[in-house]
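Okay, here's what each chain looks like letter by letter:
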Amino acid sequence: MTVAPPAAEPRGRVALGSKGFIAIVSLAMATTALGVDTILPAYGDIRETLGLEPGATEVTGLITFYLMGNSIGLLPAGLLADRFGRRAVIWGGLAVYVLGAIGTILAPSLGLMLLARFVWGLGGAGPRVAALAMIRDGFAGEQMARQMSLVMAVFLLVPAVGPTLSAGILAIGPWEAVVVMCAVAAAVVAYLVTMLPETLSADARRSLAVRDVLGTYRVVLSTPGTLWYLASLTALFGVFMSYLASSELIMDQTYDLKEWFPAFFGGIALVMLIAMVVNGRIVERVGLRRLLGLVFAANLATCVVMLAVALATGGDPPFGVFVLLIAAVLFTQQMLIQNVNSAAMQPLPALAGIGASLLYTTHAADEY
């Protein structure tokens, strides 16, 4: 598969597909995850600031409202990215992101803090959608799958290091310093985006008239295969969310290894990162469609083996066997997710912004 002709004649200090391009696009997408992963270790300090009880669960709303804002912002971000261009939406989203972060610091009550977190999450939607659309503008098929795999490999580093970075800041400063760090990171990314080319030409930009918008969604949803890909992504991320929700309980209640959970979780994240790198290296050689079939078969086989082992052991397999099986399942699943994303975006070169926003709405909260 050859590179798709870009929708524009991109000019920038960083070339499409270069290491700099991958790094900047990854960082733009990662700002969204940064707003989630770094706030978790600050719960205790935030409770103290707001005068809440040490175990008060109300602070979990800081994540809920952030993810709500991010989810609601995806579809408008896609429309705006197809109307005003990719870089403009990244910059606009980052500006709203910073305003939400500042509001979180200044909020005098939990209610206003939750509102600020909603705004913060809303701003994070722009970079996610526009970055994926930018990749689709410049690449198609196997090459898009390769670029996405490399971007997501870098992206996965943020959830891995975010909580540790936050804990380090909290060891020497207040929780507000963590929020400032997120805002500074967004400002740095906004500067780096100036080095990226604008990949959507002026003549390819779409109207925001209601009739045109509805027609655009109709085209996307009626494109052969799109609904199946959306359903596939929803199912894949449902499985992944099951892992996220149950992994700590399994380590604690099944294996009595709660203290080893961070190492286990980090190890599985490393496995998923390796899956991204492997996918990026082989997808062009094997072919996107063929690789999708092969990885699906491998994923199904590992799931069947895992189910058989669970039934044979009464839900309590040896720990080493469990680790190997869950690693195999998530390794193949991560390859599937990236390739399904690429296959779904393949027939939407002129609607990449809206296509990206629809894909992300199937799993808006599952990448954190």
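Definitions and limits used
- Residues numbered from 1 in each chain as written.
- Predicted model: local features only at pLDDT ≥ 70, side-chain atom pairs only at ≥ 80, totals over all residues.
- Heavy atoms only, no water.
- Helix = DSSP H or I, 4+ residues; strand = E, 2+ residues; numbered from the N terminus.
- Polar contact = N/O pair within 3.5 Å; in protein donor to acceptor, adjacent residues only side chain to side chain.
- Contact = heavy atoms within 4.5 Å.
- Patch = residues over 30% accessible without salt bridge, like charges linked within 9 Å, V, L, I, M, F, W, Y side chains within 5 Å.
- Areas by Shrake-Rupley, 256 points an atom, 1.4 Å probe, with all protein chains shown as cover.
- Salt bridge = Lys/Arg side-chain N within 4 Å of Asp/Glu carboxyl O.
- Expected span 1.5 Å × (residues − 1).
- Buried < 20%, exposed > 50% of the residue type's maximum accessible area, 1.4 Å probe, protein only.
- Core = buried A, V, L, I, M, F, W, Y, C linked by side-chain atoms within 4.5 Å.
- Phe/Tyr/Trp six-rings, centres within 6.5 Å; stacked < 30°, edge-to-face > 60°.
- Axes fitted to C-alpha atoms, helices over the stretch in contact; angles between N-to-C directions.
- Parallel < 35°, antiparallel > 145°, perpendicular 65-115°, else oblique.
- Left-handed = near helix turned anticlockwise from the far one by under 90°.
- Nonpolar A, V, L, I, M, F, W, Y, C, P; charged D, E, K, R; others polar.

### With respect to the side chain of Thr-104
- Mapped onto the elements of the fold, Thr-104 is located in helix H4 (residues 86–106).
- Engagement of the side chain of Thr-104 in a polar contact is seen with the backbone oxygen of Gly-100, the distance being 2.8 Å.
- Those residues within four positions of Thr-104 in sequence are excluded, and the remaining contacts are Met-113, Ala-116, Arg-117, Trp-120 and Trp-175.

### Examining a nonpolar patch on the surface
- Among the surface-exposed residues, Met-68, Ile-72 and Leu-122 lie close enough to one another that they form a single nonpolar patch of about 250 Å² accessible area.
- Examined against the element boundaries, Ile-72 turns out to sit in helix H3 (residues 61–84).

### Some thoughts on helix H5 (residues 110–138)
- With 29 residues, H5 should cover 42 Å at 1.5 Å per step; its first-to-last C-alpha distance of 43 Å lies within 8% of that length.
- With 24 of its 29 residues buried, H5 lies for the most part within the structure.

### Focus on the nonpolar core
- Ranked by internal contacts, the top residues of the largest apolar core, which has 78 residues, are Phe-21, Val-25, Ile-46, Ile-135 and Phe-264.
- At 11 residues, the largest contribution of residues to this core is made by H5.
- In this structure, Val-25 is in contact with Ala-131, Met-134, Ile-135, Val-151 and Leu-196, ignoring residues within four places of it in sequence.

### Looking at helix H6 (residues 141–155)
- Counted at 1.5 Å a residue, the expected span for H6 with its 15 residues is 21 Å, and the 21 Å between its end C-alpha atoms agrees.
- In terms of residue burial, H6 counts as a mostly covered element, since 12 of its 15 residues are buried.
- Among all positions of H6, only Gly-141, Glu-142, Gln-143, Met-144, Ala-145, Gln-147, Met-148, Ser-149, Val-151, Met-152, Ala-153 and Phe-155 are buried.

### As for the packing of aromatic side chains
- The final tally for this structure, using the stated rule, is five aromatic pairs.
- Taken together, a centroid distance of 5.1 Å and an interplanar angle of 70° make the contact between Tyr-255 and Phe-319 edge-to-face. Taken as a pair, Tyr-255 in the loop between helix H10 (226–254) and helix H11 (261–286) and Phe-319 in helix H13 (residues 319–345) lie far apart in primary sequence, 64 residues in all.
- Assessed through its relative accessible area of 13%, Tyr-255 is described here as buried.

### Observations concerning the packing of helix H1 (residues 19–37) against H3
- Orientation of H1 relative to H3, taken along the N-to-C sense of each, is 160°, at an axis distance of 10 Å. Our classification of the angle between H1 and H3 gives roughly antiparallel. As for the relative orientation of H1 and H3, their crossing is right-handed in sense. Contacts between H1 and H3 involve Thr-31, Thr-32, Gly-35 and Val-36 on the former and, on the latter, Ile-63, Tyr-66, Leu-67 and Asn-70.
- Residues belonging to the contact of H1 with H3 are distributed by class as follows: four nonpolar, four polar and no charged.

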